[in-house]
There are 2 protein chains.
Amino acid sequence: MSLLEETLASISPVDEGLTGEAQLRLDDLTKPKGSLGRLEEFARKLVSITGTLKPKIDKKYIFTFAGDHGVAVEGVSAFPSEVTPQMVINFLRGGAGINVLARHVGAEVVVVDVGVNFDFTSLGTEAKGLKIKKVVSGTGNIKTGPAMTREETVRAIEAGIETANEYAAEGAIFGTGDMGIANTTPSSAIIAVLSGRPVEEVTGRGTGIDGEAFSRKVKVIEEAISVNTPEPTDPVDVLAKVGGAEIAAISGLVLGAAARKIPVVVDGFISTAGALIASELSREAGGYLFAAHRSVERGHAVMLERLGLKPILDLDMRLGEGTGAALAISLIEAGLKIYSEMATFSDAGVSEEN
Amino acid sequence: MSLLEETLASISPVDEGLTGEAQLRLDDLTKPKGSLGRLEEFARKLVSITGTLKPKIDKKYIFTFAGDHGVAVEGVSAFPSEVTPQMVINFLRGGAGINVLARHVGAEVVVVDVGVNFDFTSLGTEAKGLKIKKVVSGTGNIKTGPAMTREETVRAIEAGIETANEYAAEGAIFGTGDMGIANTTPSSAIIAVLSGRPVEEVTGRGTGIDGEAFSRKVKVIEEAISVNTPEPTDPVDVLAKVGGAEIAAISGLVLGAAARKIPVVVDGFISTAGALIASELSREAGGYLFAAHRSVERGHAVMLERLGLKPILDLDMRLGEGTGAALAISLIEAGLKIYSEMATFSDAGVSEEN
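When its secondary structure is counted, chain A shows 14 helices and 6 strands. On C-alpha atoms alone, chain A measures out to a radius of gyration of 20 Å, which is about the 20 Å that the 2.2 N^0.38 rule sets for 354 residues. If you line up chain A on its principal axes, its C-alpha atoms span 70 × 45 × 45 Å. The 354 residues of chain A split such that 65% are buried. Counting every atom, chain A has about 11,700 Å² of accessible surface; 47% of that belongs to carbon and sulfur.

Written as structure tokens, this is what we have:
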């Protein structure tokens, strides 16, 4: 059995049976019942994901998967492809948005090259700290052919599973992240194929393209779908035909985490495309997910609805990298601390409701 | 001149002139322009509030003002009045929701008794750490008469100003909080008077009262307004007639902070009632405010609209104490760190937008 097959076979549903007991504890804390709203929901969900009434968060990781996209030559992004490896170096030096926000919430950033069109080993010590699990050096241009072969796609998914397995531990929480110039294009293609919605409805302005470039982006995605004819009921085929290596790896991270009962905080648009693929491969995997935030990117709401997830934050962000996941992890942790650290009515000698 | 008059006279508008330069810096950071959305807005706002291009956050305080309400005898709350002092003790011991969330974000909780109907000095060392600035031992029942005299009201506002002055320092950020059984009732009365909206539209279920108690609460507020005839153009009169000591103190904290150019993160429904009074006393004070979150409590949206503030979080919370402010402070701090710590395009050697 392949790593992917093994992982899919070992995912079981989250344990909803414990949430009632968790709520009883929440209701015994010195506050009106339910008055901490979604913080209480986060605590209950951590209980159901980990399968224990005493979950903990000891170690927070943001995994930023990087890959290049052949479709960038079509002018679908405001930035040139060389920015992908440049930003990887920026991540390793600690100067990017995700580094700042991960430090703020006490999370570690793990950068994984699964498909960047650049040989980081040539940089020597400058690329120290980068995990190299390269499957392709940039994908093919999906406007004219598939992004990857099916075999490459499975390997990219497995790069994510391997990453999950390497960092899996009791008390761990994972956040997803991405870096890849032009990667909103394959992400929109994925949701268009899976949902059957018109491309225009699920395509946004990415890093900030104007009206003409936006129309071109929509046409490129429409052509990618008509040229490649991805099969909507076969998520690996969708990834191979119109996806990307980092999106595949994110889906693998989700599957690997679900198999180990580790909560995954899904960042924005690109990460949610990966999470959606994971949940199409395994319905049970969806139970292990938190949606970090509502991205500005069009199409994100369609994905979240399909996943049945309500975003935690809505701060008009559209950077990716895992920035939304970092901020949301801190709020989930706040919910767990409420559950674990607050005094009960009897402990504190506070009178209960009439 | 009284402390209140002095403070009002020394509030100047925030310095909007610096925000353009702050945005130039934000646009030079290694991310697509504007892609960190409201985090960038928070950084710009800190610049305009502090009047410096290099604002910092060194010290985070949550001020939880406590007071009792005579109107509690009308059965408008799910909890008995004795819970106010019990929760004050819980705050001092560190077991309440605000303690957990303040610890999570690295903030200090300062508990101030401005109107609790309990003599904390009788507890000796058990009440250590409590700031006592008591103006009343519980307000009068607003259903039948005024909450406080005008003089008491000014003293309660000044208790908040004094608190701001005691903790004011460069790099400080303040969060507001409240504790007072039945205090959604005066808060709804305040917004009904100031906005002229029907009481029912701005009244919520507080700690969790049912249909019958809710109807009673609406009637009590309507009667409080018709018996006391507060003058909508005189915010001190509104506070005196249908307000409360902790609400007055929160308004004073806002005024004191604005006079010292210190940002204030306004918690939920009760705190926003206080902030609204402050902004009616000084239009300029409103510029120093962040709205922490969207409370579940009806009427909160009406207040925020009047203040021109968009809440940072929306987590279905309705606890008060400063819990929303604590969480929001951490997101504002995240915005500042983005502004201060991210690498620029030239520093990082990253290509800019085409």
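This part covers the packing of aromatic side chains. Residue and element names in this part refer to chain A. Taken as a whole, this structure holds 16 aromatic pairs over all chains when the rule is applied. A centroid spacing of 4.9 Å and a plane angle of 70° characterise the contact between Tyr61 and Tyr167, whose relative ring orientation is edge-to-face. Here Tyr61, found in strand β1 (residues 59-67), pairs with Tyr167, found in helix α6 (residues 150-167); they are 106 residues apart in sequence, far enough to count as distant. Given a relative accessible area of 10%, Tyr61 falls into the buried group.

All names here are of chain B. When you tally the buried positions in helix α9 (residues 235-242), you get 7 out of 8 residues, the bulk of the element. The set of residues buried in α9 consists of Pro235, Val236, Asp237, Val238, Leu239, Ala240 and Val242. In this structure, the buried residues of α9 make contact with α6 (150-167), α7 (184-195), α8 (211-228), α10 (245-259) and α11 (269-281).

Looking now at the pairing of β1 of chain A. Residues and elements named next belong to chain A. Most of β1 is tucked away, with 8 of its 9 residues classed as buried. With 8 bridges joining them, β1 and strand β4 (residues 172-179) adopt parallel strand pairing. Along β4, the bridge assignment pairs Tyr61 with Phe174. Where β1 meets strand β2 (residues 108-115), 7 bridges bridge the pair, whose relative direction is parallel. Pairing of Tyr61 across the sheet is with Glu108, part of β2.

Further remarks concern the relation of the copies chain B and chain A. Mapping chain B onto chain A calls for a rotation angle of 180° and an axial translation of 0.0 Å; the resulting RMSD is 0.0 Å. The superposition operator between the copies reduces to a two-fold rotation axis. Distance from the rotation axis, computed per C-alpha, reaches its smallest value in chain B at Leu313 of chain B: 3.3 Å. A share of 100% of the interface residues of chain B reappears at the interface of chain A, consistent with the copies meeting face to face through the same patch.

Let us now look at helix α13 (residues 323-341) of chain A. Taking 1.5 Å of rise per residue, 19 residues should cover 27 Å, and α13 of chain A covers 27 Å from first to last C-alpha, within 8% of that figure. Where burial is concerned, most of α13 of chain A is hidden: 16 out of the 19 residues are buried.

The subject of this paragraph is the sheet that holds strand β3 (residues 131-132) of chain B. All names here are of chain B. Read from one edge of the open sheet, 6 strands run β3-β2-β1-β4-β5-β6, paired in parallel fashion. Edge positions in the sheet fall to β3 and β6 (289-291), since each has one partner strand and no second. The strands that helix α4 (residues 83-93) touches are β1 (59-67), β2 (108-115) and β4 (172-179); relative to β4, the one it contacts most, it runs at about 145°.

Attention now goes to the interface of chain B and chain A. Between chain B and chain A, the contact holds 57 residues from the first and 58 residues from the second. Interface area lost by chain B to chain A is led by Phe79, His104 and Leu315 of chain B, which between them contribute 13%. Applying the counting criterion to the chain B and chain A interface returns 4 salt bridges. When the shortest N-O distance is used, the salt bridge between Arg103 of chain A and Glu341 of chain B registers 3.2 Å. The interface formed by chain B and chain A contains 20 residue pairs in polar contact (both at pLDDT 80 or more). Those elements that place two or more of their residues in the side of chain B that touches chain A are α3 (37-50), α4, α5 (97-105), α13 (323-341) and α14 (345-348) of chain B.

Before going further, it helps to examine the packing of helix α7 (residues 184-195) of chain A against helix α12 (residues 300-307) of chain A. All names here are of chain A. Interaxial distance between α7 and α12 falls to 10 Å at its minimum, and their mutual angle equals 50°. Taken together, α7 and α12 sit at an angle that is classed as oblique. Considering the relative orientation of α7 and α12, their crossing is left-handed. Along its contact with α7, which presents Ser187, Ile191, Leu194 and Ser195, the element α12 presents Val302, Met303 and Arg306. Partitioning the contact of α7 with α12 into residue classes produces 4 nonpolar, 2 polar and 1 charged.

This part covers the confidence of the model for chain A. Of the residues in chain A, 100% reach a pLDDT of 70 or more, and the chain-wide mean stands at 97. Complex prediction metrics read pTM 0.98 and ipTM 0.97.

Right, let's get into the side chain of Thr153 of chain B. All names here are of chain B. Along the chain, Thr153 turns up in helix α6. Classification of Thr153 by relative accessible area gives buried; the value is 0%. A polar atom in the side chain of Thr153 sits 2.7 Å from the backbone oxygen of Thr149. Not counting residues within four places of it along the chain, the set of residues in contact with Thr153 comprises Met148, Val236, Leu239, Ala240 and Ala248.

What the rule picks out here adds up to 40 salt bridges over all chains. Residue Lys60 of chain A pairs with Glu333 of chain A through a salt bridge whose shortest N-O separation is 2.9 Å. Here Glu333 of chain A lies in helix α13 and Lys60 of chain A lies in strand β1, a separation of 273 residues in the sequence. Taken as a pair, Lys60 of chain A and Glu333 of chain A share a single burial class, namely buried. Here Glu297 of chain B makes a salt bridge to Lys217 of chain B, at a shortest N to O gap of 3.7 Å. Of this pair, Glu297 of chain B sits in the loop between β6 and α12 (300-307) while Lys217 of chain B sits in helix α8, and the two are 80 residues apart along the sequence. Given the relative accessible area of 6%, Glu297 of chain B is considered buried.

So, about the environment of Leu194 of chain B. Residues and elements named next belong to chain B. You can see Leu194 is positioned in helix α7. Judged by relative accessible area, which is 7%, Leu194 ranks as buried. Expressed as a C-alpha distance, the spacing of Leu194 and Ile277, which sit 83 residues apart in the sequence, is 8.9 Å. Not counting the four nearest positions on each side in its chain, Leu194 is found in contact with Pro232, Val238, Leu276, Ile277, Glu280 and Arg306.

A word on the pairing of β2 of chain B. All names here are of chain B. The buried count for β2 comes to 6 of 8 residues, which makes it a mostly enclosed element. One ladder, built from 2 bridges, connects β2 with β3; its direction is parallel. Counted as the bridge partner of Val112 is Lys131 from β3.

Reading the values: the criteria
Residues numbered from 1 in each chain as written. Chains lettered and ligands numbered in written order. Predicted model: local features only at pLDDT ≥ 70, side-chain atom pairs only at ≥ 80, totals over all residues. Heavy atoms only, no water. Helix = DSSP H or I, 4+ residues; strand = E, 2+ residues; numbered from the N terminus. Rg over C-alpha atoms; globule rule 2.2 N^0.38 Å. Buried < 20%, exposed > 50% of the residue type's maximum accessible area, 1.4 Å probe, protein only. Areas by Shrake-Rupley, 256 points an atom, 1.4 Å probe, with all protein chains shown as cover. Phe/Tyr/Trp six-rings, centres within 6.5 Å; stacked < 30°, edge-to-face > 60°. Contact = heavy atoms within 4.5 Å. Pairing = 2+ DSSP bridges. Least-squares fit on C-alpha atoms with pLDDT ≥ 70 in both. Expected span 1.5 Å × (residues − 1). Axes fitted to C-alpha atoms, helices over the stretch in contact; angles between N-to-C directions. Buried area = accessible area lost by both parts, 1.4 Å probe. Salt bridge = Lys/Arg side-chain N within 4 Å of Asp/Glu carboxyl O. Polar contact = N/O pair within 3.5 Å; in protein donor to acceptor, adjacent residues only side chain to side chain. Parallel < 35°, antiparallel > 145°, perpendicular 65-115°, else oblique. Left-handed = near helix turned anticlockwise from the far one by under 90°. Nonpolar A, V, L, I, M, F, W, Y, C, P; charged D, E, K, R; others polar. pLDDT = per-residue confidence, 0-100.

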